[in-house]
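# Descriptive structure summary
Listed below are the residues making up each chain.
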Amino acid sequence: MDTITAIRNLRVVRKYAEKQLTEEEVRVIADSARKTGSSKNTQRWDFVTIRDRVSLARLSGTTIYAKHLPSAGAAIAMVVDKPDPDYPRSVLWDLGRAAQNITLSAWEMGIGSCPITVQDFALAAEVLGLPDDKECHYIIALGWPADPNDLKRPPKAGGRKGYDEVVHTERWGEH
Ligand SMILES: Cc1cc2nc3c(=O)[nH]c(=O)nc-3n(C[C@H](O)[C@H](O)[C@H](O)COP(=O)(O)O)c2cc1C
C-alpha cells in the first residue's frame, strides 16, 4: 500500500477479531514508533507493549472511552517523563508522530488501531509498572478487525472537513 492511499483510507477500528497479535507483529509496530523522528532527536519516550489479556482489561479502566481495549489483540502504551511546568509542547508533537507511525504500520499489516486518552494516570502506571518519574498519557489499541472490510471501505462521507474549509491559499480565507 502506498503512503498517500494509506493516509486517505486510515480510520479508527474499535471492533476486533478474537485473534491476538503475535509478539513479532507487535514488535514490528513498536519498532516503527522507535524509528520516529523527534525534536532535536531527543526521543523523549518509551513504549510498553501489552498482549496480556488481564492487563488490557485493567488498562481499559483508565478512562470511560476504552471499552474496546479488553477485546484488542494487543496495545502499545506511550510513556513520557512526568510533565513539569516547563513541559515543552514539542513532546506532544513527537508523540503524535510516533502514534501515526504505529497506526500506519498496523494499517499496512491489515491491523486496526485506536488511540486511547488515559485519564487515570496512577492506574496506568500501576498496570505498566512505571517508575515514579514516568507517566502514560496515551495507549494505542491494536487488533485484527472483526470485519476485514473495515480496512477497505471508502472514507466515511463527511468524515473530514472539506478541502476549502481548512486549507487556505496564500492568505486566510482565500482559495
Ligand atoms: C489524541 C487522540 C485521542 C483519542 N482518544 C480516544 C479515546 O480515548 N477513545 C476512543 O475510543 N477514541 C479516541 N480517539 C479516536 C478518535 O475518536 C478518532 O480518531 C476520530 O473519531 C476519527 O475517527 P476515524 O479516523 O475513524 O474517522 C482519539 C484520537 C486522538 C487523535
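Residues numbered from 1 in each chain as written. Predicted model: local features only at pLDDT ≥ 70, side-chain atom pairs only at ≥ 80, totals over all residues. Heavy atoms only, no water.

## So, the overall build of the protein
Assigned secondary structure in the protein consists of 6 helices and 4 strands. Going residue by residue from the N terminus, the α and β elements of the protein occur as α-α-β-α-β-α-β-α-β-α. The C-alpha atoms of the protein give 17 Å as radius of gyration, which agrees with the globular expectation for 175 residues (16 Å, within 12%). Every one of the 175 residues in the protein was classed for burial, and the buried ones make up 40%. Summarising the internal contacts of the protein: among those between residues at least 6 apart in sequence, 79% fall at separations of at least 24. Counting only carbon and sulfur atoms, one obtains 52% of the accessible surface of the protein, whose full area is about 10,800 Å². (Helix = DSSP H or I, 4+ residues; strand = E, 2+ residues; numbered from the N terminus. Rg over C-alpha atoms; globule rule 2.2 N^0.38 Å. Buried < 20%, exposed > 50% of the residue type's maximum accessible area, 1.4 Å probe, protein only. Contact = heavy atoms within 4.5 Å. Areas by Shrake-Rupley, 256 points an atom, 1.4 Å probe, with all protein chains shown as cover.)

## Here's the deal with the site of the ligand
Around the ligand sit R11, V12, R14, Y65, H68, C114, P115, I116, T117, Y138, K156 and R160, and that is every residue in its neighbourhood. At 2.8 Å from an oxygen atom of the ligand is found a main-chain nitrogen or oxygen belonging to V12. T117 is positioned such that a nitrogen or oxygen atom in its side chain is 2.8 Å from a nitrogen atom of the ligand. In isolation the ligand has 630 Å² of accessible area, and contact with the protein removes 60% of it. With 4 residues, strand β3 (residues 112–117) is the single largest residue contributor to the shell around the ligand. (Near = heavy atom within 4 Å. Polar contact = N/O pair within 3.5 Å; in protein donor to acceptor, adjacent residues only side chain to side chain.)

## Side note on the packing of helix α2 (residues 23–34) against helix α4 (residues 90–108)
As a packed pair, α2 and α4 sit with axes 8 Å apart at the nearest point and diverge in direction by 150°. If you check the angle between α2 and α4, you find them roughly antiparallel. Every pair of crossing elements has a handedness; the one defined by α2 and α4 is right-handed. Between α2 and α4, the contacting residues are I29, S32 and A33 on the first element and A98, N101, I102, S105 and A106 on the second. Of the residues assigned to the contact of α2 with α4, the class counts are 5 nonpolar, 3 polar and no charged. (Axes fitted to C-alpha atoms, helices over the stretch in contact; angles between N-to-C directions. Parallel < 35°, antiparallel > 145°, perpendicular 65-115°, else oblique. Left-handed = near helix turned anticlockwise from the far one by under 90°. Nonpolar A, V, L, I, M, F, W, Y, C, P; charged D, E, K, R; others polar.)

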